[in-house]
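The chain contents come next:
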Amino acid sequence: SPISSLVLRITFVTWHIHLFRSQTRLSCPVFSPTANQVSLGRETPKHYGITSPISLVQAKEADLVLTHRLTEALKPYGVFEEELELQRRIHVLGKLNTLVKEWIRDVSETKNLPASVIESVGGKIFTFGSYRLGVHTKGADIDALFVAPRHVERTDFFSSFLDKLKEQEEVKDLRVGIIDILFARLALQTIPKNLDLRDDGLLKNLDIRCIRSLNGCRVTDEILHLVPNIENFRLTLRTIKLWAKRHNIYSNILGFLGGVSWAMLVARTCQLYPNAVASTLVHKFFLVFSKWEWPNPVLLKQPEDCNLNLPVWDPRVTPSDRYHLMPIITPAYPQQNSTYNVSVSTRAVMVDEFKQGLSITDEILQNKAEWSKLFDAPNFFQKYKHYIVLLASAPTEKQHLEWVGLVESKIRILVGNLEKNEFITLAHVNPQSFPGPKESREKEEVSTMWVIGVIFKKMETSENLNVDLTIDIQSFTDTVYRQAISSKMFEADMKIQAMHVKKRQLHQLLPSLVMPKRRKVRKTPISLSSTSDQPTYVIDHSDIQTSGDSVPSSQTTSPPPTMGPPAAPQTPSPPATMGPPAAPQTPSLPATMGPPVAHKTPSPPPTIGPPVAHKTPNQEVLEEKSPKEHQMEDPSIVPETKTEDSGAASVGEGGTSVEAEVHNKLIVMAQFHVWIPFLCLCVSYCIAEVDCRYSHLLKNFK
């Protein structure tokens, strides 16, 4: 009938309209509470990072007071440079820039360039590192990059420019100074004054050495462009760098984090809390990275491919990238992992320090502690029961400078060897070095000493544990000697010595300012000479420190054996035993010269895209996001607990965010709207059926 056909047509039209609306709402970003601000007439804030922020709450008066207290607490540590020293740096950079332009003109004349080109050839000095970020401390070096046009060769820089520097009266030592200079030769005829090194096109047709030189400036500039508030970022970074140095976890070469890595972690925190001030950002820094699911990478922006065929960090393509334990990826192309030196032990130490920092900042925000507590240096020499003391010595000051640099760059290999030992749980190297003791007063030599804290596994099967560290240490020393010989810097009196020392014996080796000497009647002397070429360390079962011990008590032990340097680099032989072992010993794996491989269960390889992770209900990310942004979010963020300043990311009693609840309700509503046309169709069918039967009865009645 006409009535039933009309009802059917209306029903089908209603069905399609509701279906289109529901699909649009489920796929469009306007569906998210954050994007709905546009419909309410409010301007959407600029988006930083690869995910939406965790909280957009503005700073309160209490936060500003805490930030002022933080600034005052930093001043005694010399993190702020005085105006006079700052002007001196600017003056030195200005003179160096003028000197560079003069030298480029001289080189251009020797290469017979036209006079018009010589006048406009240019040349420029760029700064990077802590000075460019604005967080340099008193007496810190300036990292500078010298950019030259294409007709200036690298050999010119290390020959004629070096001679020109020597002629300057202000230059006293070309090895030790306040400026570290790198060189990069661009494929340009002239260097414009407004040159922007962030332009990826500058990398075309460049030598790989020049690309690496440019990378420092490019990364620094990208970091400054990726943070919401530069002043808050700088004060937070000053705080975190001072904290890391005071807690002995600031050293890229020894397996911890360097300056650029700390800067990227702070920048990521600023992206997640764009409106927070420094006092809040310091607390959020410890909150985020104490719960970060390593080895998921830290990214400040989505990686970009410039099609220049340069090697970038990508675990999907490069198998070795899958074994990086704490990847922090630089934002500039070509993207690299700035923490490839991190080992199992150094990551464990840093994560533990993050957790302690979170506990201290919780007390500070509750006015239960002052900021000075955050910068209290822990006593490294009371933390462990067992230590390995590494001593590098050379006959002269010049030889010692080169020798110490080589040994320090290889200490991470020793840490990796110790981690692979089945009886060792953790090996913690102290980045701070100390002047070493002399073997004899008659013989002149210069020595430097490093201390490595060791935690041994507690074995329940025996009272005494026979641990052999010979292969681990011998492999390390052989690697250093081979490197020294291949680089032609090895001298006959250059030595490396390794000693196993108990906590109570450290005061005999360390300076009195670091480790005050104890008053004891009996002393166990520590010999710096080797009593055996291949010693075996016998350790009491009761004297072994487990991984859960924080400050273990001292135990009386026998004199520690020492290990001297071999007469010449040689292949390590099987270890000799200094007595019958109390328990059978499983031989440790031989050391390798490659990156350390942990004996623990490997973590899943990181990926650039969002990795699949099994999360518990209380691991939801407190972010304002749409369903599309769920695909782009950083999977490593673990939410914070319920706080008063959670703002747009507040948490309900059930552990679910307000945005998540609104999101779920809107989905239910959308699904309900999908079912409405179906119900209308059923009703219209019934009406049509009744109308048909009524028409049939009416016809029969007539």
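About the cut-offs
For every chain, the first residue of the written sequence is number 1, and numbering continues from 1 onward in sequence order. In keeping with the predicted nature of the model, local features appear solely for residues at pLDDT of at least 70, side-chain atom pairs appear and are counted solely at 80 or more, and the whole-chain, interface and lining totals rest on all residues. With hydrogens and water stripped out, all remaining heavy atoms of the structure feed into the side-chain values. UniProt positions are given in the numbering used here, feature names are shortened, and annotations may be inferred rather than shown by experiment. Each residue is assigned to one of three classes by its accessible area relative to the maximum for its type, calculated with a 1.4 Å probe on protein chains only: buried under 20%, partly exposed between the two thresholds, exposed over 50%. Here a helix means four or more residues in a row that DSSP labels H or I, a strand means two or more in a row labelled E, and each is numbered from the N terminus. Pairs of strands are assigned from DSSP output, requiring at least two bridges between the strands. As a per-residue quantity, pLDDT reports the predictor's confidence and falls between 0 and 100. By the convention used here, residues are in contact when the closest approach between their heavy atoms is within 4.5 Å. Interaxial angle, 0 to 180 degrees, is taken between N-to-C directions of lines fitted to C-alpha atoms, where a helix line uses only the stretch in contact. In these notes, a set of buried Ala, Val, Leu, Ile, Met, Phe, Trp, Tyr and Cys residues joined through side-chain atoms within 4.5 Å is what counts as a nonpolar core. In summary, the pairing rule links any two rings of Phe, Tyr or Trp, Trp by its six-membered ring, whose centres are within 6.5 Å, and it sorts them by plane angle into stacked for under 30 degrees, edge-to-face for over 60 and tilted for everything else. For a lysine, the NZ atom is tested; for an arginine, the CZ atom; a charge sits over a ring if that atom is within 6 Å of the ring centre and within 35 degrees of the ring normal. Our angle categories are set so that under 35 degrees counts as roughly parallel, over 145 as roughly antiparallel, 65 to 115 as roughly perpendicular, and the remainder as oblique. By definition, turning the near helix anticlockwise from the far helix through less than a right angle yields a left-handed crossing, and turning it clockwise yields a right-handed one. All residues other than Ala, Val, Leu, Ile, Met, Phe, Trp, Tyr, Cys, Pro, Asp, Glu, Lys and Arg, Gly among them, are scored as polar; the first ten of these are nonpolar and the last four charged.

An unreviewed UniProt entry lists the chain under the name polynucleotide adenylyltransferase, from Oncorhynchus mykiss. UniProt annotates the chain under Subcellular location (unreviewed entry) with the comment "Nucleus".

Caption draft 1: A look at the pairing of strand 9 (residues 495-502). Of all 8 residues that make up strand 9, 8 are buried, and the element is covered over most of its length. Going residue by residue along strand 9, you find Lys-495, Gln-497, Met-499 and Val-501 tucked away on one face and Ile-496, Ala-498, His-500 and Lys-502 tucked away on the opposite face as well. Of the strand pairs in this sheet, strand 4 (residues 386-394) and strand 9 are connected by 8 bridges, and their pairing is antiparallel. Its bridge partner lying in strand 9, Tyr-387 is registered against Val-501.

Caption draft 2: Spotlight on the environment of Ile-413. The residue Ile-413 is located in helix 14 (residues 397-420) in this model. Sequence separation of Ile-413 and Ser-475 is 62 residues, and the distance between their C-alpha atoms is 8.9 Å.

Caption draft 3: Geometry of the confidence of the model for the chain. With 66% of its residues at a pLDDT of 70 or more, the chain has an overall mean of 75. This model gives residues 19-44 a pLDDT under 50, and the stretch forms 25 contacts once residues within four places in sequence are excluded. For residues 527-536, every residue scores under 50 in pLDDT, and the model assigns this stretch 36 contacts once sequence neighbours within four places are set aside.

Caption draft 4: Main features of the sheet that holds strand 2 (residues 142-148). Judged by pairing direction, the sheet is mixed, and its 3 strands sit side by side in the order 1-2-3 without closing on themselves. Whereas interior strands pair on both sides, the edge strands pair on one side only; in this sheet they are strand 1 (124-128) and strand 3 (179-185). The average angle at which neighbouring strand axes cross in this sheet is 30 degrees, direction not considered. Looking at chain direction, strand 2 and strand 3 are connected through 7 bridges and run parallel. Note that in strand 3 the partner of Ala-148 across the bridge is Arg-185.

Caption draft 5: Broad picture of the nonpolar core. Phe-233, Trp-243, Trp-262 and Trp-403 are the most contacted members of the largest nonpolar core, which totals 109 residues. Apart from the residues lying within four places of it in its own chain, the contact partners of Trp-243 are Ile-249, Trp-262, Phe-286, Glu-353, Phe-354, Leu-374 and Phe-375. Leu-96, Trp-103, Phe-146 and Phe-161 belong to the second-largest nonpolar core, a separate cluster that totals 20 residues.

Caption draft 6: Quick look at the pairing of strand 7 (residues 446-456). Burial runs high along strand 7: 10 of the 11 residues are buried. Note: strand 5 (residues 424-429) against strand 7, 5 bridges, orientation antiparallel. When the sheet's bridge partners are listed, Val-429 is paired in strand 7 with Ile-452. As paired elements, strand 6 (residues 434-435) and strand 7 share 2 bridges and run antiparallel to each other. Looking at the pairing, Phe-434 lines up with Met-449 of strand 7.

Caption draft 7: Structural context of the environment of Phe-128. Looking at the element boundaries, Phe-128 is found in strand 1. For Phe-128, a relative accessible area of 12% gives the class buried. As for Phe-128 and Val-219, which are separated by 91 residues in sequence, their C-alpha atoms are 8.5 Å apart. With near-sequence residues (within four places) excluded, Phe-128 lies in contact with Asp-143, Ala-144, Leu-145, Leu-182, Gly-216, Cys-217 and Thr-220.

Caption draft 8: Seen up close, the packing of aromatic side chains. Summed over all chains, the structure comprises 28 aromatic pairs. Considering the side-chain rings of Trp-403 and Tyr-481, the 5.8 Å spacing of their centres and the 40 degrees angle between planes classify their relative orientation as tilted. Pair noted here: Trp-403 is in helix 14 and Tyr-481 is in helix 15 (residues 470-486), with a separation of 78 residues, a long-range link. When sorted by exposure, Trp-403 lands in the same class as Tyr-481, which is buried. Feature note: the residues Trp-243, Trp-262, Phe-285, Phe-286, Phe-289, Trp-292, Trp-294 and Phe-354 constitute an aromatic cluster, connected by ring pairs. Stacked on the ring of Tyr-250, the Lys or Arg Lys-245 has its end atom at 5.0 Å from the ring centre.

Caption draft 9: Fine view of unusual backbone geometry. With an omega of 10 degrees, the peptide bond between Trp-294 and Pro-295 qualifies as cis. You can see Pro-295 is positioned in the loop between helix 12 (278-290) and helix 13 (344-365). Omega for the peptide link from Tyr-333 to Pro-334 comes to -5 degrees, which places this bond in the cis form. Its place among the elements puts Pro-334 in the loop between helix 12 and helix 13. At Asn-112, a residue that is not glycine, the phi angle is positive and equals roughly 60 degrees.

Caption draft 10: Representation of the packing of helix 10 (residues 230-246) against helix 12 within the structure. The interhelical angle for the contact between helix 10 and helix 12, taken along N-to-C directions, is 50 degrees, at an axis separation of 9 Å. When the interaxial angle is binned, helix 10 and helix 12 end up oblique. Crossing geometry of helix 10 relative to helix 12 is assigned as right-handed. Where helix 10 abuts helix 12, its residues Asn-232, Leu-235, Thr-236, Thr-239, Ile-240 and Trp-243 lie against Ala-278, Leu-281, Val-282, Phe-285 and Phe-286. Tallied by class, the residues present in the contact of helix 10 with helix 12 amount to 8 nonpolar, 3 polar and no charged.

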